[in-house]
Amino acid sequence: MAEDTQRNFRSVYYEKVGFRGVEEKKSLEILLKDDRLDIEKLCTFSQRFPLPSMYRALVWKVLLGILPPHHESHAQVMAYRKDQYSDVLHALKVVRFISDTTPQVEVYLRMYQLECGKLPRSPSFPLEPEDEVFLAIAKAMEEMVEDSVDCYWITRCFVNQLNNKYREFLPQLPKAFEQYLNLEDSRLLSHLKTCSAVSRLPYDLWFKRCFAGCLPESSLQRVWDKVVSGSCKILVFVAVEILITFKIKVLALNSAEKITKFLENVPQDSSDALVSKAFDLWHKHCGTPVHSA
Amino acid sequence: YLEDVKSQASGQLMAAESRYEAQRKITQVFELEILDLYGRLEKDGLLRKLEGKAEAAE
Amino acid sequence: YLEDVKSQASGQLMAAESRYEAQRKITQVFELEILDLYGRLEKDGLLRKLEGKAEAAE
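Residues numbered from 1 in each chain as written. Chains lettered and ligands numbered in written order. Predicted model: local features only at pLDDT ≥ 70, side-chain atom pairs only at ≥ 80, totals over all residues. Heavy atoms only, no water.

Let's talk about the interface of chain B and chain C
If you look at the interface, chain B gives 28 residues, while chain C gives 28 residues. Carbon and sulfur atoms make up 68% of the surface buried where chain B meets chain C, a total of about 3000 Å² over both sides. Looking at the side of chain B facing chain C, the largest losses of area belong to Tyr20, Leu41 and Arg48 of chain B, adding up to 21% of the total buried there. At the boundary of chain B with chain C, the tally comes to 2 salt bridges. Between glutamate 17 of chain B and arginine 19 of chain C there is a salt bridge; the shortest N-O distance is 2.9 Å. In this assembly, chain B and chain C are joined by 6 residue pairs in polar contact (both at pLDDT 80 or more). Class assignment of the residues belonging to the side of chain B that touches chain C gives a composition of 14 nonpolar, 3 polar and 11 charged. (Contact = heavy atoms within 4.5 Å. Buried area = accessible area lost by both parts, 1.4 Å probe. Salt bridge = Lys/Arg side-chain N within 4 Å of Asp/Glu carboxyl O. Polar contact = N/O pair within 3.5 Å; in protein donor to acceptor, adjacent residues only side chain to side chain. Nonpolar A, V, L, I, M, F, W, Y, C, P; charged D, E, K, R; others polar.)

Shown next as structure tokens:
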């Protein structure tokens, strides 16, 4: 009992001074010690808590299937991944599709295109909208993941997850957005409707790019923790929270163009708090995932 | 435990297969590039011939 | 039985590895071909430029 009180006190103390994650980090470390990682538990953990930066790349790689659950195979599998990365990179240089001056994110795009069998005949061909989405996500990922092999693989699998696992859900998100905004602030929604802005909101930025280029990476990676571990619905609540956070500003704008333009370039100084509030909204409407660890 | 061995093996196998698939995609791209380059060489050769004739005719 | 599964898995992995190696060999041959073709194209380009200059000087 005394120990409990002390522990709670310590947690509260950490929370106040900004070490909120100490207990969480410990429980993640226990999960990561298993010989065979429990994907389900890792998912639940990531759904509930922010991943500590030092473990983010590892957990993402496991959840996205880049690394298998078995620790023992990690080195071997990562060696295959590295080979694949350098093989594709080298091939693009051989056919002079990229050079040493090609921006890194474009290199990733070309590698991805080659692997999907969608490499255009010439690098000067105009990009498809889906390529722009890839570039935006890769650009944000570059800020989150240091190692370029990891960055390529995570971007590639993140985008694949959007295109496969979430394919059917993503188009439903604008409707869900409208629904939750109505529950949270019906006045805001009617303002958007009055301005005929509802159909013209930056849905591509929100639900295709997953806020890449909209939120600073330090906040964005906390949102992507949820996307990687299985929830694309969190994106809806981030969008709703953006509207609520900048309510006064949005209510003052009276045309769809101005509203969309503002939402595409929201001020970034309060993003961290914004994301935390979006998580609260998400938990409020969708419940808290049970952490079984 | 048996399931464990199987799943571990399949994790490795999938990564190895993916590395092979990438190599196959590379071969395809190289093939197209070779065709393209031959095409360009032939066009160049033709062009030079034509130029040569044009000069001779002058 | 476990040993069986293990040896089967390692057999599959080795097969994947060797397929990769074989495909890589093909890629390497194609790569040399591409380098060669680029070389010829560049020589041709250079030649044409020189010829062009020579004509201009005449």
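Here's the deal with the confidence of the model for chain A
Chain-level statistics for chain A give a pLDDT mean of 91 and a share of 91% at 70 or above. Note that pLDDT drops below 50 for residues 1-18 of chain A; the model gives that stretch 7 contacts with residues more than four away or on any other chain. (pLDDT = per-residue confidence, 0-100.)

Some words on the UniProt feature "domain: Rab-GAP TBC" (unreviewed entry) in chain A
Under the local residue numbering, the UniProt record ascribes the feature "domain: Rab-GAP TBC" (unreviewed entry) to residues 50-231 of chain A. What you have in residues 50-231 of chain A is 64% helix and 0% strand, and the ends, taken at the C-alpha atoms, are 14 Å apart. (UniProt positions renumbered as here; feature names shortened; annotations may be inferred. Helix = DSSP H or I, 4+ residues; strand = E, 2+ residues; numbered from the N terminus.)

Digging into the nonpolar core
If you look at the biggest cluster of nonpolar residues, it comprises 123 residues, and the most contacted ones within it are Phe177, Trp206 and Trp224 of chain A. Not counting residues up to four positions away in its chain, the partners in contact with tryptophan 224 of chain A are Trp60, Ile137, Ala140, Met141, Met144, Phe158, Arg209, Cys210 and Ala212 of chain A. (Core = buried A, V, L, I, M, F, W, Y, C linked by side-chain atoms within 4.5 Å. Buried < 20%, exposed > 50% of the residue type's maximum accessible area, 1.4 Å probe, protein only.)

Some remarks on the interface of chain B and chain A
On the side of chain A, 22 residues touch chain B, which itself brings 18 residues to the contact. Around 1800 Å² of area is buried between chain B and chain A when both sides are counted, 60% of it from carbon and sulfur atoms. Looking only at chain B, the three residues that lose the most surface to chain A are Gln8, Gln12 and Arg19 of chain B, adding up to 28% of its buried area. Our count for the chain B to chain A interface comes out at 3 salt bridges. Measuring nitrogen to oxygen at the nearest pair gives 3.9 Å for the salt bridge that ties arginine 121 of chain A to aspartate 36 of chain B. Counting across the interface, chain B meets chain A through 8 residue pairs in polar contact (both at pLDDT 80 or more). Residue composition of the side of chain B that touches chain A, grouped by class: 7 nonpolar, 6 polar and 5 charged.

Thoughts on the packing of aromatic side chains
Residue and element names in this part refer to chain A. Scanning the model with the defined rule gives 15 aromatic pairs over all chains in all. Both rings, one in tyrosine 152 and one in tryptophan 153, keep their centres 6.2 Å apart while their planes meet at 70°; by these two values the pair is edge-to-face. The exposure class of tyrosine 152 is buried, given its relative accessible area of 0%. When the centroid spacing of 6.4 Å and the interplanar angle of 25° are considered together, the rings of tryptophan 206 and phenylalanine 211 count as stacked. Among the aromatic residues, those joined into a ring-pair cluster are Phe177, Tyr203, Trp206, Phe207 and Phe211. The aromatic ring of phenylalanine 279 is capped on one face by lysine 226, whose charged end is 4.7 Å from the ring centroid. (Phe/Tyr/Trp six-rings, centres within 6.5 Å; stacked < 30°, edge-to-face > 60°. Lys NZ or Arg CZ within 6 Å of the ring centre and 35° of its normal.)

A few points about unusual backbone geometry
Residue and element names in this part refer to chain A. Phi angles above zero are rare outside glycine, and serine 196 is one such case at about 50°. When you line up the elements, serine 196 lands in the loop between α10 (186-194) and α11 (203-208). Take serine 196: its relative accessible area is 48%, and that puts it in the partly exposed class. Even without being glycine, cysteine 210 reaches a positive phi, approximately 55°. With respect to the helices and strands, cysteine 210 occurs in the loop between α11 and α12 (217-228).

Some points on the environment of aspartate 4 of chain B
Relative to the helices and strands, aspartate 4 of chain B is located in helix α1 (residues 2-57). When the C-alpha positions of aspartate 4 of chain B and isoleucine 26 of chain B are compared, they lie 34 Å apart, and in sequence the two are 22 residues distant. Leaving out residues up to four positions away in the same chain, aspartate 4 of chain B has contacts with Arg36 and His70 of chain A.

Thoughts on the side chain of glutamate 31 of chain C
Position of glutamate 31 of chain C among the secondary structure elements: in helix α1 (residues 2-57). For the buried residue glutamate 31 of chain C, which engages in no salt bridge, the nearest side chain bearing the opposite charge is arginine 24 of chain C, 8.2 Å off. Among all residues touching glutamate 31 of chain C, those that are not within four sequence positions of it are His90 and Val94 of chain A together with Phe30 of chain B. (Lys, Arg positive; Asp, Glu negative; His and termini not counted.)

Concerning the packing of helix α8 (residues 148-163) of chain A against α12 of chain A
Residue and element names in this part refer to chain A. Interhelical geometry of α8 versus α12 gives an angle of 60° and a closest axis separation of 11 Å. Between α8 and α12, the angle falls in the class oblique. Crossing geometry of α8 relative to α12 is assigned as left-handed. In this structure, α8 uses Phe158, Gln161 and Leu162 to contact α12, whose residues at the interface are Trp224, Val227 and Val228. Residues of the contact of α8 with α12, tallied by class, amount to 5 nonpolar, 1 polar and no charged. (Axes fitted to C-alpha atoms, helices over the stretch in contact; angles between N-to-C directions. Parallel < 35°, antiparallel > 145°, perpendicular 65-115°, else oblique. Left-handed = near helix turned anticlockwise from the far one by under 90°.)

With respect to the packing of helix α6 (residues 104-116) of chain A against α8 of chain A
Residue and element names in this part refer to chain A. Direction vectors running N to C along α6 and α8 enclose 55°, while the axes themselves pass 10 Å from each other. Judged by the angle between their axes, α6 and α8 are oblique. Seen from above, α6 lies across α8 with right-handed handedness. Together, Gln104, Tyr108, Met111, Tyr112 and Glu115 of α6 and Ser148, Cys151, Tyr152, Arg156, Val159, Asn160 and Asn163 of α8 make up the contact between the two elements. Residues that form the contact of α6 with α8 fall into these classes: 6 nonpolar, 4 polar and 2 charged.

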